[in-house]
Amino acid sequence: MSEGSGDATPAKGKAATPLKKPKPPQSRTALVRQARRINRELAEVYPYAHPELDFENPFQLLVATVMSAQTTDLRVNQTTPALFAKYPTPEDLAAANPEEIEELIRPTGFFRAKTKSIMGLSAALRDDFGGEVPGRIEDLVKLPGVGRKTAFVVLGNAFGVPGITVDTHFGRLVRRWKWTEETDPDKVEAAVGALFPKSEWTMLSHRVIFHGRRICHSRKPACGACPIAPLCPSYGEGETDPEKAKKLLKYEMGGAPGQRLKPPPGYPGRPAPPLGAAG
Ligand code: SF4
């Protein structure tokens, strides 16, 4: 990750002068309109939004998503190539020596619990699903270590089933935009899902998470360099000075070891621009 490597391009210069904080939407219609405008704006800013975990098949995505708890996607991407080279199938992973798996995935943290989960889910795939990842939410959530969030990531990105991924970024941003006040992920998912057509759910999730990682950070949102600022009722929660805000931007546009340079084949986004490229 390189901090501040992007210039003002993603913000398109829109926040060059201090803005007045927009009021939260007052009616349901105004809320839907504001939410969809923000989504359209994010689609322009992040046309390359995609899942940032590397994977080549549903099994790899499932394992990588379980491993991504409490760590970064980048760290997982640096760890999974060796794991999948040695254990490419659920059968291989289920039959592995747990100590070897622990050693391989140690850098992702919580490696004992994660080893238990990924070996357990591999055994369940082998025994109950013919070694294939099932494409139904009700089957996925029964696998060890797999909750609704993980299941939706897999369904949305390996099976094309629309889904909203409520991670820490997504929850924080939609509350800043006043789309909901809920904090429970299932309730956030329902509230936000009701504002958009299903066909938008998966890409919306990626765009919002991209924005949370790059601009609208938890502690220091870069409001003064944010393309959403004219629409955001929380404008001013972070740094509004454009020059200072620019220094807070974080870009992960590819180029670092383990980082995905292009989304999976057929993914409805565009490849990320190379590190340091404008826009
Ligand atoms: S960075 Fe600031 S203006 Fe932009 S979405 Fe976050 S809180 Fe709103």
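Numbers given to residues run from 1 along each chain, matching the order in which its sequence is written. pLDDT decides what is reported in this predicted model: residues at 70 or higher carry local features, side-chain atom pairs at 80 or more are listed and counted, and totals for whole chains, interfaces and linings draw on all residues regardless.

## Examining the site of the ligand
Thought 1: Around the ligand, the surrounding shell holds 14 residues, and the nearest of these are Cys216, Pro221, Cys223, Cys226 and Cys232.
Thought 2: Side-chain classes follow a simple rule in which Ala, Val, Leu, Ile, Met, Phe, Trp, Tyr, Cys and Pro form the nonpolar group, Asp, Glu, Lys and Arg form the charged group, and the remainder, Gly included, forms the polar group. Along the lines of polarity and charge, the residues of the shell around the ligand split into 10 nonpolar, two polar and two charged. Here is the check we use: build the C-beta atom from the backbone, and if it is within 6 Å of the molecule or strand, call the residue near.

## Things to note about the confidence of the model for the protein
Thought 1: In this model, the protein carries an average pLDDT of 86, and 83% of its residues clear a pLDDT of 70 or more.
Thought 2: Per-residue confidence from the prediction method is given by pLDDT, with values spanning 0 to 100. Residues are treated as contacting if the C-beta atoms built from their backbones sit within 7 Å of each other. Note on residues 1-15: pLDDT is under 50 here. Beyond four places in sequence and across chains, it has 36 contacts.
Thought 3: Low pLDDT (under 50) marks residues 252-259, which in the prediction has 25 contacts with non-local residues, meaning those over four places away or in another chain.

## Remarks on the environment of Leu231
Thought 1: The way it works is that DSSP assigns letters per residue, a run of H or I at least four long becomes a helix, a run of E at least two long becomes a strand, and they are numbered from the N terminus. Mapped onto the secondary structure, Leu231 falls in the loop between α11 (201-214) and α12 (242-248).
Thought 2: Along the sequence, Leu231 and Ala35 sit 196 residues apart, while their C-alpha atoms lie 9.0 Å from each other.

## Concerning the packing of helix α5 (residues 98-105) against helix α6 (residues 111-128)
The packing of two helices is summarised by the inter-axis angle and the distance between the axes.
Thought 1: What counts as an axis is a line fitted to C-alpha atoms, over the stretch in contact for a helix, and the angles between N-to-C directions run from 0 to 180 degrees. Put simply, α5 and α6 touch, their axes get as near as 9 Å, and they point 120 degrees apart. As summarised for this structure, α5 and α6 are arranged oblique, according to the angle between their axes. Like other packed secondary-structure pairs, α5 and α6 cross with a definite hand, here right-handed. Only Phe111, Arg112, Lys114, Thr115 and Met119 of α6 make contact with α5, whose side of the interface consists of Pro98, Ile101, Glu102 and Ile105.
Thought 2: The residue inventory of the contact of α5 with α6, partitioned by class, reads five nonpolar, one polar and three charged. Angles are sorted into four bins: roughly parallel if under 35 degrees, roughly antiparallel if over 145, roughly perpendicular if 65 to 115, and oblique for all others. Crossing chirality is assigned from the near helix's rotation relative to the far helix, an anticlockwise turn below a right angle marking it left-handed and a clockwise turn marking it right-handed.

## A short note on the UniProt feature "binding site: [4Fe-4S] cluster" (unreviewed entry) in the protein
Thought 1: The UniProt record annotates "binding site: [4Fe-4S] cluster" (unreviewed entry) at Cys216, Cys223, Cys226 and Cys232. In sequence the annotated residues extend across 17 residues, while in space they remain close, none of their C-alpha pairs exceeding 10.9 Å.
Thought 2: In this structure, Cys216 sits in the loop between α11 and α12.
Thought 3: Excluding anything up to four places from it in sequence, Cys216 contacts Leu173, Arg176, His211, Pro221 and Cys226.
Thought 4: Assignment of secondary structure puts Cys232 in the loop between α11 and α12.
Thought 5: With sequence-adjacent residues up to four places away left out, Cys232 is seen in contact with Pro22, Arg176 and Trp177. UniProt positions are given in the numbering used here, feature names are shortened, and annotations may be inferred rather than shown by experiment.

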